[in-house]
Amino acid sequence: MRKKEKIFPSLHKKKRKKRKEVWMFKTATKAFFGLTCGSFAYLTYNAYAFDKDDERRKLPKESWSNLERPLRLRSEMFSQVLEFEKRERASRHLKRGKRRRKSGDDREEEEDKDKEEECEFDLLVVGGGATGAGVALDAQTRGLRTIVVEREDFGSGTSSKSTKLAHGGVRYLEKAVFNLDIGQLKLVFEALRERKVLLQNAPHLSQVLMIATPCYEWYEVPYYWVGMKAYDVVAGTSQLTFSSFMSKTRTIQEFPTIAKRKLQIDDEDLLNKIKKRDAVDEILSTEEPTLGKSLKGSILYSDGQFDDARLNVALAVTAAHAGAIVLNHTSVISLIKDDDSQSKKVIGAVIRDEETGKTYKVHAKCVVNCAGPFADEVRAMDDPDIETDKNKKMVSPSLGAHVVLPKYYVPEKFGMIIPKTKDGRVVFLLPWLDHAVAGTTDIALKPGEKTPQNPKATGDEVDYILETIAPYLALRPHRAEVLSVWSGARPLAKDPTKTNSSDLSRDHVIVKETPSDVIVVAGGKWTTYRLMAEETVDLVLETLIESSPSFAKNQLKNIKPCRTSNMGVVGAHGHKDSLSAAVAQSGGEGFGGSNPDPDVSRHLAKSYGDRAMAVASLASFAKLEKRLHPNVPVIEAEVVYAARAEFCRSASDFLARRSRMAFLDIKASEMALERVIELLGRELKWGWRKRREERKKTKEFLKSFRAT
Ligand SMILES: Cc1cc2nc3c(=O)[nH]c(=O)nc-3n(C[C@H](O)[C@H](O)[C@H](O)COP(=O)(O)OP(=O)(O)OC[C@H]3O[C@@H](n4cnc5c(N)ncnc54)[C@H](O)[C@@H]3O)c2cc1C
């Protein structure tokens, strides 16, 4: 053979070429076949999973029936707290007397323990943000007697000021891949699973949102495509829709305001100009650039979007329907330690009703600190050193701002992610409640600086956001178009038992402190609030079994497993896609003889789910069908409904968290304030002095939605 090849080298060359061709053909066929089969299997599996998940999105009818239980009034809840306080005092008195007499009658001791159970709560939750409301709902529905206290309003902290995305975080996935960080990958995986649960449990308050990643360089197309496909794969059966490439033409069709050419933000000259504040408007007002990289297309992916504050309120209301004591405008002012033993265990807290100034002693078998960015302030009530010793702190907050623009900046169903800002982060431009929301910034608090209760966004932050989105838009956003601005404190958490500062990157931390036995939950994401709550209540139960023999003996048998992964919040059960049409149809008589306009009925269906009919009937019955301001579809009846069924106690509760008017349009909110006070005042029986106070306080509060 060799000889032959040597004699006829050209023949050999031909043969080799042919063999090579055959090999290449075979390999290509195999690869093609493999890829086709693989893609087919993948698509079939996902399509099946998606269908199955779609079925799962429908809540089973029997999943929650306690919602029919009437909501207790605030005064009734305080009466129960007072009743428990009196019984607790009596029982302690009795116990001390018994100890003195040293009587050993077993039956009497047994009776005492039963009384003890009726005079204390199983769980006291401090803070009514997403985490606290989630913990309260989980605990109460497992069978723990729960009380949650919130010093301002449900969601008044960070939980109303998020980007409103139920997401795993594409950025976190990128980090996980580049740093080969399995822990981070697990967090993305968990968050994607929880994203689906959130969409399922609050279908009226959430939806799937398509987000486009614009590509202005060819290399960005495969890079982001692979990234988004990886996001699909990690989501697995919790996937919402498949990510895909959109051509330039389709991107412009779907997102008409996207820039066809991107202004070169990395240009040194431009950057220097932008840094000068007074040059910002000049740059932002330039026509759509004719220079710069042209749009190559975009990668489309989906995430969940939701109304954060309304979901927070819905969680609190659902917990209350389940039997929990749910008190907003009530602060924990100090913790109660066990005087009778040496254990230094925290056995409750002194709470203050911020409306009346009255204080109450609440005893609980377990206390959970869900104060978010203020967790260290509550911890300092037990150990004052925490205030000054930074090594003992658990939370290091940073502030993040968002800007609201008119809705013409984004199409109704598409958002945009700017995957790399000049400081290496991501910024979103998203449609939300008929407006466009852009954000966020990330500004660390100075060492020793206290977390502000109502942070304000600065003018620099507004400029930063506008400058960042401007190159990606065909329109130049102006400061004058900004309708509202808000800022929230990110509660980045670290485990105080670990010294490594890189532990800050961990998503959420749940620790039981010694010797107090107080459980602290900090950090995390809105998306994972339910999972955090489940893990926390598991730890609460462990603690109760260890520390309370009476609980282990008498109550444990009645405790149910966690049920929140399939538990719709109030409004979820009768929710259906045609609800807005049904509201429009049913509201006909009251709404001035004509049907409510489509914006109003859509708004009612999206905000209240199956309770929208109740709001519409109230509007018809009480003749409260007028909009509070022509620019927003919020009607007067909502103020009354919020006071009766959603624990709304102040004008800012309504303007910021029952309706989202303050977040969407600050001028409209200021103009609606008087009518809100009038309606709320009538409902809550406010005198003129209280109304005057409320007016002053709310005007001051609304200023926090303007940049400083
Ligand atoms: C700018 C920004 C954007 C974000 N975007 C997203 C997003 O898109 N998706 C997502 O999943 N997550 C997002 N997050 C994270 C998410 O918003 C937070 O993780 C979550 O809201 C934290 O909830 P929380 O209940 O722990 O804290 P908070 O909501 O701050 O609640 C703590 C509550 O405790 C109360 N409190 C404090 N002290 C006391 C006391 N002594 N007595 C009684 N009550 C007290 C406070 O008043 C407060 O209401 C974002 C965060 C920020 C800052």
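Residues numbered from 1 in each chain as written. Predicted model: local features only at pLDDT ≥ 70, side-chain atom pairs only at ≥ 80, totals over all residues.

We now examine the site of the ligand. Near the ligand you find 40 residues, and of these G127, G129, G157, G372 and G400 are the closest. Of all the elements in the fold, those that place two or more residues in the shell around the ligand are α5 (130–142), β10 (330–337), α13 (375–379) and β18 (484–490). Three or more residues apiece are contributed to the shell around the ligand by two domains, here domain 2 (70–160 + 309–395 + 493–566) and domain 3 (208–301 + 398–490). (Near = placed C-beta within 6 Å. Helix = DSSP H or I, 4+ residues; strand = E, 2+ residues; numbered from the N terminus. Domains from an automatic or database assignment.)

At a minimum axis separation of 11 Å, helix α23 (residues 666–684) and helix α24 (residues 688–702) run at an interaxial angle of 155°. Looking at the two axes, α23 sits roughly antiparallel to α24. Crossing handedness for the pair α23 and α24: right-handed. Facing I666, S669, E670, L673, I677 and G681 of α23, the residues of α24 in contact are R691, E694, R695, T698 and L702. (Axes fitted to C-alpha atoms, helices over the stretch in contact; angles between N-to-C directions. Parallel < 35°, antiparallel > 145°, perpendicular 65-115°, else oblique. Left-handed = near helix turned anticlockwise from the far one by under 90°. Contact = placed C-beta atoms within 7 Å.)

So, on to unusual backbone geometry. Across the junction of G439 and T440, the peptide omega takes the value 25°, indicating a cis bond. With respect to the helices, strands and loops of the structure, T440 is situated in the loop between β16 (435–439) and β17 (443–444). One non-glycine residue, D434, lies in positive phi territory at about 65°. A positive phi angle, near 55°, is found at K623, a position not held by glycine. Relative to the elements of secondary structure, K623 occurs in the loop between α19 (612–622) and β21 (627–629).

Along strand β20 (residues 519–523), 5 of the 5 residues are buried, which leaves the element largely enclosed by surrounding structure. Bridge count for strand β12 (residues 359–369) against β20 is 2 bridges, and the pairing is parallel. Each residue of the ladder has a partner; that of N369, found in β20, is V520. Pairing analysis gives 5 bridges linking strand β19 (residues 508–512) to β20, with the strands arranged antiparallel. (Buried ≥ 20, exposed ≤ 12 C-beta atoms within 10 Å, placed from the backbone. Pairing = 2+ DSSP bridges.)

Turning to the confidence of the model for the chain, a few remarks are in order. When pLDDT is averaged along the chain, the result is 86; 83% of the residues meet or exceed 70. Low pLDDT (under 50) marks residues 59–63, which in the prediction has 9 contacts with non-local residues, meaning those over four places away or in another chain. (pLDDT = per-residue confidence, 0-100.)

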